[in-house]
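Examining the three-dimensional arrangement
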Amino acid sequence: MLGTVDIKVRPLKLALLIDPGSANQVRDAIQLASSLWGGMFFPIIPIYRRMPASWRESAIKAPLAKDVVQGYLDAFDPDVLVQFSAELPAYIKESQLQIIKPKDIWEGRSRNREIDPTLGIGVLDILSAVFEECFKYKARYPLKAIIPEIPKQFGLFWASVFGEYPSHISEAIDLHFAEPLEIERPKVTPEAFLDLTGEMVLFPRRATMWDLEPHERHRFGHGACIYFMDAGEIEDIVDYWNLRATGRNVQPLPKQFLQQESFKKAICEFLLRERHVRPNNLNIYNDAPFIRSRHSTMEEISAFTKTLNIDETISNENDAHHFSIQHWYPRIWDQWARGKDGGVVDQYGTDEDSIDIASEAELDMRIKPLTPKFRKESWFRSDGLCANEFDFRMYGANEHLAEVYPKAHGENLLNAISGITGARGEWRIGRNGLVKIVQSLTREPRKVPSSEEVFFAWLADHGWKAELSPPGILAKQIYKKLGGNPLLIANKPVLGLIEHMNGGSVNKNGTPMRDNRIGGERELPVGTVKSLLSDSKKSSSRYDYFIERGVFKLGWKTKCPNCQRSTWFALPTLRESMECPKCLTSFTAAGNIEQTGNGWYYRTTGPFSVPNYADGAFAVLLTLDAIGDRMFSFLRTTSVPSFVATSPEKPNLEADLAMFWKDSLHGEDAEGLLFGECKTYGLFEVKDFKRMQYLANSFPGAVLVFSTLRESLTKREISALTRLTKAGRKYWKSERPINPVLILTSNELLTTKRPPYCWDESLQKRFSHVHDLLSLCDATQKIYLRLPS
């Protein structure tokens, strides 16, 4: 088994771009969202030129308008942008996302008196599925389908609560579903709010959630809230819509309806329903907070909460609190604060698929697009029906395959991922990896992308032409020879054996002697090699694997009867008559090969025959393997070995390794870039630190790795690393230092154990919290540089 490819189906994600303060555009955006599968989760994003006064608080400066808009796009990760606004700034046009006008989705798409959108799955297909599941046969607890009549007063607010159909969609629903679904059209009033939002009531906005499930829940305590708002303020209505689009269960509470008993009862029931015991402490409850809108005050919320009459017989007697009050709106646009305030939950359809890859040949696949089961059977092609997300989990392949993709939209990278299977525009890089816009049901050939292809395309977008260096080519070949399992050489005696056979002077423990002169290839008897590589007297798995993978080649060692010098002959060259390569005299095998001292001997072969520990390639592979496969079970990477990159306008880049990485821990994702400088047993020199400093300056946020197979560092190395580490500890963003430094030695590289279990007992206790890459950086700085936290 080389890995799996998990495929999930989800709605197309549209971001609806409006001019700030335009009620008509907000209403049109709500109508469009209400007519498409997943529309409830389409964000409505005002294209601010400058932030309004409501964003400026007394002690906090308002963020920049560009940062807010880009932050919303980053948070919701849309596939397509829908332009309701009159104009768009240049930075949005440069995002490489498809931009369309609202009329492009529905206009001109009619067939057999039914209406189909050019993008997404329309509400008519959803209602067909609702009929088949809930109305075709009489249910014990029937669903009630309604299309509420929105009143003129606070009409925009009510449309955001229930959803609203465009006129041509409403006419089509009346034609096809009014009788089968027994659709009612009640008038919306504050008094009817509780009845109209009952659990078994299906209204337009709820219909867009059909067959959707959240991929991950919000962090505990962030899943439900009451939004205290002004129903007459467009900004509050947009914020309410977007808060719900994050996946939260949001109960609206307009200040205009505070005296309505229907709303009070709804709030009390909501608070009790969303009150949950904390899993780690049964005496503490998490309650739904009241969140203050930008056009409300804390005093208004506090005054209202005093009027609530919560049923104490249902609530917990030991805890009198049933809610909290939050004075800030969740900072969806802010990368650092987003996770702290609850984040954005991905919504997926219930259909999914998984492909097992058992051999190298299966890396070339033909994948049938995955679509929701309720789609129209007659559908054949459109600009985009839905989206498929691909999750690659690869291990044991003969080359490094891409599992992580950078959040970038450069031409070379987009061409690289499009070139894997299909036309440009059908593929993009989303928050969770590769995204395919499903435009037809045709099976498409697909090759699992290599790390080298993805990483070098990304570098090309930054102005560098990259290629593997000679040590990088060696590392790639060794990785292939080992079947993607460098852990087999994570052993000093094994490395010492290979280096000795390549002419190096090696101590008994496998480390090089001070005078490590190269004396040419050496042969060792078969029995000696087998005993050195066997894990125990009963096991020879490493030896068997090395022989199977062609690390050694077999030959016969014999003494020339003429010059009396020993010569090794490869197995394919053995003949009845052989020529001594030293004295060029021919002699017969018979009568000579059975002499004392002659016999079967091994030599290293291919990339394993390169001296100086394969020109450092062993250290590079052990570092990539330790970070990418052994240290953290939730860390995934796109890794490349040693490379050089040239540019006509910038200094060249050079690194012993690089990778994109993504770490998922406790429901939060961290991701980034990493460069490494590797030494086998040599010392880090001034040129190495300068090279890494240039990489740090060129790529803020990148992790800088210094790895060596030695057990410790010299005073000079510690001094230089300390200076680089302190500079890299400066604040960057999202609780991240600008260039964190990671130090790895034989303690972490030549072991099968991950941190902290690869260290002694005292360090295990001290660093028991090390479970991710950034905390490991901090721990190794303390251990090897003796720096404070």
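A brief structural summary. As the structure is a prediction and not an experimental result, all values here were calculated from the model. (Residues numbered from 1 in each chain as written. Predicted model: local features only at pLDDT ≥ 70, side-chain atom pairs only at ≥ 80, totals over all residues. Heavy atoms only, no water.)

Remarks on the packing of aromatic side chains
Counted by the stated rule, this structure contains 42 aromatic pairs. Between Trp-556 and Trp-600, the ring centres sit 4.8 Å apart and the planes meet at 85 degrees, which makes this aromatic pair edge-to-face. Taken together, the residues Trp-556 in strand β26 (residues 552-559) and Trp-600 in strand β30 (residues 599-604) connect sequence positions 44 residues apart. Residue classification places Trp-600 among the partly exposed residues on the basis of a relative accessible area of 37%. Here the aromatic residues Phe-154, Phe-157, Trp-158, Phe-162, Phe-193, Phe-203, Tyr-227, Tyr-240, Phe-257, Phe-263 and Tyr-329 are joined through ring pairs into a cluster of three or more. If you follow Arg-294 out to its NZ or CZ, it ends over the ring of Trp-55, 3.8 Å from the centre. The ring of Trp-464 carries the charged tip of Lys-650 above its face, separated from the ring centre by 4.1 Å. (Phe/Tyr/Trp six-rings, centres within 6.5 Å; stacked < 30°, edge-to-face > 60°. Helix = DSSP H or I, 4+ residues; strand = E, 2+ residues; numbered from the N terminus. Buried < 20%, exposed > 50% of the residue type's maximum accessible area, 1.4 Å probe, protein only. Lys NZ or Arg CZ within 6 Å of the ring centre and 35° of its normal.)

What to know about the pairing of strand β1 (residues 3-10)
For a regular strand, side-chain orientation follows a simple rule: the groups alternate between the two sheet faces. Of all eight residues in β1, six are buried, a share of seventy percent or more. When β1 meets strand β18 (residues 352-357), the two strands line up antiparallel, connected through six bridges. Counterpart to Lys-8 in the pairing with β18 is Glu-352. (Pairing = 2+ DSSP bridges.)

Quick notes on the packing of helix α1 (residues 23-34) against helix α10 (residues 234-245)
One can describe the packing of α1 onto α10 by two numbers: an axis separation of 11 Å at closest approach and a directional angle of 20 degrees. Relative to α10, the element α1 lies roughly parallel. Both α1 and α10 take part in a crossing whose hand is left-handed. Of the residues in α10, those in contact with Ala-23, Val-26, Ile-30 and Ala-33 of α1 are Ile-234, Val-238 and Trp-241. (Axes fitted to C-alpha atoms, helices over the stretch in contact; angles between N-to-C directions. Parallel < 35°, antiparallel > 145°, perpendicular 65-115°, else oblique. Left-handed = near helix turned anticlockwise from the far one by under 90°. Contact = heavy atoms within 4.5 Å.)

What about the sheet that holds β26?
Within the open sheet, the four strands sit side by side as β25-β30-β26-β27. Their pairing is antiparallel. The strands lining the two open edges of the sheet, one partner per strand, are β25 (524-525) and β27 (566-570). In this structure, β25 lies alongside β30, joined through two bridges in antiparallel fashion. By the bridge assignment for β30, Leu-524 is matched with Tyr-602.

Quick word on helix α11 (residues 261-273)
Between its first and last C-alpha, α11 extends 18 Å over 13 residues, near the 18 Å set by a 1.5 Å rise per residue. All buried positions along α11 are accounted for by Ser-262, Phe-263, Lys-264, Ala-266, Ile-267, Cys-268, Phe-270 and Leu-271. In this structure, the buried side of α11 is in contact with α6 (155-162), α8 (193-196), β11 (224-229), β12 (249-254), β15 (289-292) and α12 (298-305). (Expected span 1.5 Å × (residues − 1).)

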